[in-house]
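Chain residues, written in single-letter form:
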Amino acid sequence: MVRFTITFLQTARDDLAWFRADERKTIYAAVMRILGTDAGTESKKRKRLGPNPLAPWELKLGMYRVFYEVVDASKVRIVAIGYKQHNDLFIRGERVQL
């Protein structure tokens, strides 16, 4: 099993700071647990995305969405964090088109 080093870009840190403290804690813990291993393997929660302006991968955590890149065999870079409402994606409260 590969262990991944996880780095949050400044944009992702700003996105995470937008959420309430309890939400930040939940999202951060899930990112570390789920993406710490097998970040580059598709599953029910991890999905490879088609070309888009955010990132090539999406982690689904209930209503929350974490967009990330697998940099190499041991590094993951978190690019953006948002949430879904129905079919709409929001980052820092602003609707985003993928």
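### A look at helix α1 (residues 10–18)
Residues of α1 that are buried include every one of Ala12, Asp15 and Leu16, and no others. Seen end-on, α1 carries its buried residues on one side only, within an arc spanning 100 degrees.

### Points about unusual backbone geometry
We note that Asp38 has phi near 55 degrees; this positive angle belongs to a residue other than glycine. Within the element layout of this structure, Asp38 appears in the loop between α2 (21–35) and β2 (46–48). Non-glycine residue Arg92 carries a positive phi angle of around 50 degrees. Within the element layout of this structure, Arg92 appears in the loop between β6 (88–91) and β7 (94–96).

### Comments concerning α2
Counted at 1.5 Å a residue, the expected span for α2 with its 15 residues is 21 Å, and the 21 Å between its end C-alpha atoms agrees. Regarding α2, the residues found buried are Glu23, Ile27, Ala30, Val31, Ile34 and Leu35. Seen along its axis, α2 keeps its buried residues to an arc of 105 degrees; they face one direction. Exposed side of α2, more than 90 degrees from the buried face: Lys25 and Arg33 are the residues found there.

### Details of the environment of Thr37
Within the secondary structure, Thr37 is located in the loop between α2 and β2. Since its relative accessible area comes to 13%, Thr37 is described here as buried.

### Section: the packing of aromatic side chains
Evaluation of the coordinates by the stated rule reveals seven aromatic pairs. Considering the side-chain rings of Phe19 and Tyr64, the 5.6 Å spacing of their centres and the 85 degrees angle between planes classify their relative orientation as edge-to-face. Linking Phe19 in the loop between α1 and α2 with Tyr64 in strand β4 (residues 64–72), this pair joins segments that are 45 residues apart in sequence. Each member of the pair, Phe19 together with Tyr64, is buried. Where Phe19 meets Tyr83, the ring centres are 6.3 Å apart and the plane angle is 75 degrees; that geometry is what we call edge-to-face. In this pair, Phe19 sits in the loop between α1 and α2 while Tyr83 sits in strand β5 (residues 75–85), placing the two residues 64 residues apart along the sequence. As far as the burial class goes, Phe19 and Tyr83 line up, both buried. These aromatic residues form a ring-pair network of at least three members: Trp18, Phe19, Tyr64, Tyr83 and Phe90.

### Some points on the confidence of the model for the protein chain
Looking at the protein chain as a whole, its pLDDT mean stands at 95, while 99% of the residues score no less than 70. Averaged pLDDT values for the elements of the protein chain fall to 95 in β7 and rise to 98 in α1.

Calculation rules
- Residues numbered from 1 in each chain as written.
- Predicted model: local features only at pLDDT ≥ 70, side-chain atom pairs only at ≥ 80, totals over all residues.
- Heavy atoms only, no water.
- Buried < 20%, exposed > 50% of the residue type's maximum accessible area, 1.4 Å probe, protein only.
- Helix = DSSP H or I, 4+ residues; strand = E, 2+ residues; numbered from the N terminus.
- Arc of directions from axis to C-beta.
- Expected span 1.5 Å × (residues − 1).
- Phe/Tyr/Trp six-rings, centres within 6.5 Å; stacked < 30°, edge-to-face > 60°.
- pLDDT = per-residue confidence, 0-100.

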